[in-house]
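# Residue-level structure breakdown
In case you want the letters, here they are:
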Amino acid sequence: MGGTVAAGAALSGGARADEGDGPPVAESDRVLGPEAVRITIALNGENRTLDVEPRVTLLDLLRSSLDLTGAKKICDRGACGGCTVLLDGEPVNSCLVLAIDADGREVRTVEGLAADGALTPLQEEFVRHDALQCGFCTPGFVMSCHALLSRNPDPTEAEVRAACAGNICRCGAYSGVLAAAMAAAKRRR
Amino acid sequence: MGRDVELRLGFPGHEVLRRAEIEDGDPVPWDLSSRHAVLGTRVPRQEGADKVTGRAKFTFDVNLPGMLHGRLLGSAHPAARIAGIDTSAAERAPGVRAVEILEDSEVHFAGQPVAAVAADTEEQAEDAIRLIVVEYRPRPFVVTLEDASKADAPPVTRGSNVRDERDQERGDVDALLASSDAVVEATYETQVQTHVPLEPHGIVARWDTADHLTVWCSTQGTFLVRDNLARALGIRHENVRVIAEHVGGGFGSKFGAKPFEVAACRMAQRTGRPVKLMADRKTEHVAMGNRPSSVQHMKAGAMKDGRLTAVILRTSGVVGIAGNARCANPIIYDFQAFRKSESSVQIHAGPSAAQRAPGHPQGVFALDQMVDELACAIEMDPLEFRKRNDRDPVRLAEYEIGAKEIGWGGRRKPAGAGSERVKTGIGMASAQWGGMGRVAEAMVVVHKDGGIEVFNGAQDIGTGTRSAMAVVAAEELGLPPERVLARIGITDWPDGPPSGGSNTAASVLPAVREAAFRARRELAGEIARELGVPEGDVGFEGGKVAIQNWAKGPIEWADACRLMSGERITATARRRDYDAGFKQGVAGCQFAEVEVDTWTGVVRVRKVVAVQDCGHVVNRATVESQIQGGVIQGIAFALFEDRILDRSTGHQLNPNMETYKLPGTLDLPEIVAIPFDVANGYNSASVVGLGEPPVIPTPAAIANAVFNATGKRVRRLPMTPDTVLAALEGER
């Protein structure tokens, strides 16, 4: 992604006509900002056009600008899975995705799983199996399990564990999560 | 006027009769004669749908019009005088609306909050924090128990760093030890643990008028926060509303308003805009509380017949800049005499705080290994040894259940026998806790359309209080629990305790029952008047109202409510408690099966059987979840967690969630949670608290299982591979 001024100067073989005292500016059209940039995201099935600074994470965009607070800010560095959303169907830690990198892509959050206030079978099973306590990690687990069941409708328990291995629950509701995911898979069959 | 009733208390096989005086207008406490329709069944959490859809709003989720975003600046040094703070660049930075200095004279730990800013966006707040210039004059610091204990150590706060020294003695310790058939002496050590609630501390503050404040706060004590803020800001209690409908964990760290939360209120006041200020994860680790470490020297004796004689304990631990490092011992088992001396050592680190069963997991880690070591020394089965020294009838019954479930009889004999690479073993340990509750009030409202609400102003930090309230009210009114809406977490509503000491259930649930009882009586009176029947003929069961000798049969609940004269019936109650209950507090025991890879030192927990009482089981689903969660935190404390301070810089090396390790799905053993129902009778719901006891025995049970597997004692937590290998290679 771009290069330093020094590298650019070496490649072009000499001093540049617009040298200045400011910070190095990469000669690249893939470098954006610092001012806000316009992006379009297919968010929960609806196209949204937004202006966002390049340094803003997808997580912060969702939570602060769009009031989609299901994804949580827990560690903000990809260690706990609490911010899990689907990016083009794949589960990602949204704290490690720049909002600008979601431009032109599909983002699905926990709020976009079920229509009209209903619950998906997976969400129903979470409630039935008490797969939650304080609930702060719950959207992240729901997204990880949802992603798993979308690509593997008949997982083993080991596969459910692996799919949720990046989600931390401090309250310790893991057993319920595993039971809920297995029960949801069974319902699909 | 009261009436005398006889209560059948205890549990099947161990029943006692007690007399209690019950006021007119109060229900008779549930006892062994009571038949329950919903109490003790599995009821889904009322707020479950909100939590799985992301609709549930925690403090961190609150977004208000015009809201400013706050960030905290932490001290760069573990000990320093502050010569000056220049906030001018921060104040001029784009979007910055307020800057608040939290500490202007000295700092005592790295990461201590020094200043806060509030800006239009989070990014602007982040930028502004970096523009604050603090002139530090670093001072010498100490971050280990050894360094801080030296006579010439720099004082962390004032005076000696070694403080809270306390000596206690009972009985003739030396004579008993001298005449003991076996004496074992050992030192046990446990680490500093941080709470790691997934939702950090924080607040959203909004002034509604010049002297009316509404805050959303991630707290374990809504009324505590209200009190703290009212005092700090000089406004009346009744003008402060604290909202905590959903709280993302606390585990003991979130009592009261922290200084930065008060600062957020001040910034909101000055700017006229709401302010959200949450601790970042690093600040949460370093500044928001921790469980003190422990170094426990223990010397104890026993007789050949299995009787414990005496124990000498000498304990200490680091507490950061505040708190005490007390370990709970001696508890649970009957020592005839003990001598105990304890102290706490201050270091330049964040203040310690109560963390789930303060003093107990670490104390039991030492005590229950010592008990195991004594059993070994007299060549008695460790379970049999415990039984001979335990008078608690509940725990004795729990031992039988747990031992059978784990397969105690099949464990490795002798410990460490065999030479396979991966060895399995089984160990056990015990718990003892209070949780008897304190005063609380509840309000039950029955609406003319049949809707029911039950209110309490305390919080549900994940324990399931909300659902338990609905179950208790539903039981009293003869309805299914989903018909009762439990409303909690707003200080407009009746008084409830901070969620500490496992006191919430035993405080709030009896008040709920008593309020529901009164609401029922009022409703019965209204129905009786309307239908012209004696009040005593009106009964509530199975979602209907049955009138004795009523030709038309039972009336649907909603139809019966329509007979009330006004729009609603409101009943309140203040919790009663009774003297003549079965037993104070709770017991508990756990049996752990582990695998030890003797080549790598990795310990894997395969199975934990946890038998736990909490008075009457109200919601079986949330009771089992609470036990499971306690066991997992116990495993985390035993194997994974460690707050590591860099000796040379005084900073925490792992203030994050990748190198401060918590167990995940790949570490999860099979957990068999067995609630043990006891009719306690100390309150009308016969409920005792549950939040803390399940975390107590787990580390000791795992350590005892490691011994059973390998024949070697691991007397230090966390039991990381290097620690286990050192034990395997060391002396027996």
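All of these numbers come straight from a predicted model, not from anything done at the bench.

### Let's talk about the pattern of salt bridges
In this structure the tally under the stated criterion is 71 salt bridges over all chains. One salt bridge connects Asp390 of chain B with Arg395 of chain B, and the closest N-O pair in it is separated by 2.7 Å. Each of the two residues, Asp390 of chain B as well as Arg395 of chain B, counts as buried. Beyond isolated ion pairs, a larger network of salt bridges with shared partners links Asp60, Lys73 and Asp76 of chain A together with Glu122 of chain B.

### A short note on the sheet that holds strand β15 (residues 275-278) of chain B
Paired through backbone hydrogen bonds, the strands of a sheet run either parallel or antiparallel to each other. Residues and elements named next belong to chain B. Read across the sheet, seven strands follow the order β5-β7-β3-β15-β12-β13-β14 without closing on themselves; strand pairing throughout is mixed. Bordering the open sheet on either side are β5 (96-101) and β14 (240-243), each of which pairs with just one other strand. On average, each strand axis in the sheet is inclined to that of its neighbour by 20°, with strand direction left out of account. Where strand β12 (residues 202-209) meets strand β13 (residues 212-217), six bridges bridge the pair, whose relative direction is antiparallel. Looking at β13, one finds that Ile203 is bridged to Cys217.

### A look at the packing of aromatic side chains
Enumeration according to the criterion identifies eight aromatic pairs over all chains in this entry. With centroids separated by 4.8 Å and ring planes inclined at 80°, the aromatic side chains of Phe136 of chain A and Phe58 of chain B adopt a geometry described as edge-to-face. Placement of the pair is Phe136 of chain A in the loop between α3 (121-128) and α4 (138-151) and Phe58 of chain B in the loop between α1 (48-53) and β3 (68-74), with the two residues belonging to separate chains. For Phe136 of chain A, a relative accessible area of 0% puts it in the buried group. With relative accessibility at 1%, the residue Phe58 of chain B sits in the buried group. With centroids separated by 5.1 Å and ring planes inclined at 65°, the aromatic side chains of Phe455 of chain B and Trp493 of chain B adopt a geometry described as edge-to-face. Taken together, the positions of Phe455 of chain B in strand β22 (residues 452-456) and Trp493 of chain B in the loop between β23 (484-488) and α13 (504-531) put the pair 38 residues apart, joining distant regions of the chain. You'll find Phe455 of chain B and Trp493 of chain B in the same group, each marked buried. Ring pairs connect the aromatic residues Phe11, Phe582 and Phe676 of chain B, which therefore count as one cluster. Across from the ring centre of Phe60 of chain B, 4.8 Å away, lies the NZ or CZ of Arg63 of chain A, which sits over that ring. Positioned above the aromatic ring of Phe707 of chain B is the side chain of Arg713 of chain B, whose terminal nitrogen or guanidinium carbon lies 4.1 Å from the ring centre.

### Focus: the domain arrangement of chain B
Here the domain parsing of chain B yields domain 1 (66-139), domain 2 (142-190 + 290-373), domain 3 (196-288), domain 4 (392-434 + 580-732) and domain 5 (438-574). Taking only C-alpha atoms, the centre of domain 2 of chain B and the centre of domain 5 of chain B are 47 Å apart.

### Quick word on unusual backbone geometry
The amide bond that connects Gly33 of chain A to the next residue, Pro34 of chain A, takes the cis arrangement and shows omega of 10°. Locating Pro34 of chain A in the fold gives a position in the loop between α1 (5-12) and β1 (37-43). Although it is not a glycine, Ile332 of chain B adopts a positive phi angle of roughly 70°. Turning to its location among the elements, Ile332 of chain B is positioned in the loop between β18 (308-316) and β19 (337-345). Here the phi dihedral of Glu379 of chain B falls at roughly 60°; this positive angle occurs in a residue that is not glycine.

### Section: the sheet that holds strand β25 (residues 544-547) of chain B
Residue and element names in this part refer to chain B. Ordered in space as β24-β25-β26, the three strands form an open sheet in which the pairing is antiparallel. Edge positions in the sheet fall to β24 (538-541) and β26 (555-556), since each of these pairs with one other strand and no more. Across two bridges, β25 lies against β26 in antiparallel orientation. Bridge assignment links Lys544 to a residue of β26, and that residue is Glu556. Those strands touched by α13 are β24, β25 and β26, and its axis lies near 130° from that of β24.

### Focus on helix α6 (residues 222-233) of chain B
All names here are of chain B. End to end, α6 covers 16 Å across twelve residues, agreeing with the expected 16 Å (1.5 Å per residue, within 8%). By the burial criterion, the buried members of α6 are Thr222, Phe223, Val225, Arg226, Asp227, Leu229, Ala230 and Leu233. Structurally, α6 contributes buried residues whose contacts are with β12, β13, β14 and α7 (259-271). Gly234, located one to two residues past α6, shows a positive phi value of around 70°.

### Things to note about the pairing of strand β20 (residues 422-430) of chain B
All names here are of chain B. Buried residues dominate β20, accounting for seven of its nine residues. Strand direction decides the pairing type here: β20 and strand β28 (residues 589-597), joined by nine bridges, are antiparallel. Within β28, the residue paired with Met428 across the bridge is Phe591.

### Considerations on the environment of Val142 of chain A
Residues and elements named next belong to chain A. Inspection of the secondary structure puts Val142 in helix α4. With a relative accessible area of 0%, Val142 lands in the buried category. Sequence-wise, Val142 and Asn47 are 95 residues apart; in three dimensions their C-alpha atoms are separated by 23 Å.

### A closer look at empty space enclosed by the protein
All names here are of chain B. All told, the structure shown has seven cavities of 30 Å³ or more when counted by the stated rule. If you go around the largest cavity, the residues you meet are Phe109, Ala110, Val286, His348, Ala349, Gly350, Arg643, Leu645, Gly650, His651 and Gln652. Considering only residue class, the lining of the largest cavity consists of five nonpolar, five polar and one charged. When residues of the lining of the largest cavity are sorted by domain, at least three fall in each of domain 2 (142-190 + 290-373) and domain 4 (392-434 + 580-732).

### Let's talk about the interface of chain B and chain A
On the chain A side, the residues contacting the 54 residues of chain B number 46 residues. Interface of chain B and chain A: buried area, both sides summed, is about 4,100 Å²; carbon and sulfur atoms make up 54% of it. Three residues, Val52, Leu198 and Thr665 of chain B, lead the burial of chain B against chain A; their summed loss comes to 18% of the area buried on that side. There are eight salt bridges connecting chain B and chain A. For Glu641 of chain B, the salt bridge is made with Arg170 of chain A, and the minimal N-O distance between the two is 2.8 Å. Counting every contact that joins chain B to chain A gives 25 residue pairs in polar contact (both at pLDDT 80 or more). Per-element tally for the side of chain B that touches chain A: the top contributor is helix α15 (residues 620-639) of chain B, with nine residues. Class assignment of the residues belonging to the side of chain B that touches chain A gives a composition of 20 nonpolar, 22 polar and twelve charged.

### Some points on the nonpolar core
With 144 residues, the main nonpolar core has Phe126 of chain A together with Phe385, Phe591, Met657, Ile702 and Met719 of chain B as its most contacted residues. Ignoring sequence-local partners within four residues, the contact set of Phe126 of chain A consists of Ala131, Leu132, Thr138, Phe141, Val142, Cys145, Val177 and Ala180 of chain A together with Val52 of chain B. With 50 residues, the next largest nonpolar core counts Trp30, Leu39, Leu477 and Ala511 of chain B among its residues.

### Concerning the packing of α6 of chain B against α7 of chain B
Residue and element names in this part refer to chain B. At a minimum axis distance of 10 Å, the contact between α6 and α7 shows a crossing angle of 55°. Considering the angle they form, α6 stands oblique to α7. Once α6 is placed against α7, the crossing between them reads as right-handed. Along its contact with α6, which presents Leu229, Ala232 and Leu233, the element α7 presents Val262, Cys265 and Arg266. For the contact of α6 with α7, a count of residues per class yields five nonpolar, no polar and one charged.

Cut-offs applied
Residues numbered from 1 in each chain as written. Chains lettered and ligands numbered in written order. Predicted model: local features only at pLDDT ≥ 70, side-chain atom pairs only at ≥ 80, totals over all residues. Heavy atoms only, no water. Salt bridge = Lys/Arg side-chain N within 4 Å of Asp/Glu carboxyl O. Buried < 20%, exposed > 50% of the residue type's maximum accessible area, 1.4 Å probe, protein only. Pairing = 2+ DSSP bridges. Helix = DSSP H or I, 4+ residues; strand = E, 2+ residues; numbered from the N terminus. Axes fitted to C-alpha atoms, helices over the stretch in contact; angles between N-to-C directions. Phe/Tyr/Trp six-rings, centres within 6.5 Å; stacked < 30°, edge-to-face > 60°. Lys NZ or Arg CZ within 6 Å of the ring centre and 35° of its normal. Domains from an automatic or database assignment. Contact = heavy atoms within 4.5 Å. Expected span 1.5 Å × (residues − 1). 1 Å grid on protein atoms, 1.4 Å probe; cavity = no way out; pocket = protein on both sides within 12 Å on 5 of 7 lines; lining within 4 Å. Points joined across faces, edges and corners; volume = space filled by probe spheres on them. Nonpolar A, V, L, I, M, F, W, Y, C, P; charged D, E, K, R; others polar. Buried area = accessible area lost by both parts, 1.4 Å probe. Polar contact = N/O pair within 3.5 Å; in protein donor to acceptor, adjacent residues only side chain to side chain. Core = buried A, V, L, I, M, F, W, Y, C linked by side-chain atoms within 4.5 Å. Parallel < 35°, antiparallel > 145°, perpendicular 65-115°, else oblique. Left-handed = near helix turned anticlockwise from the far one by under 90°.

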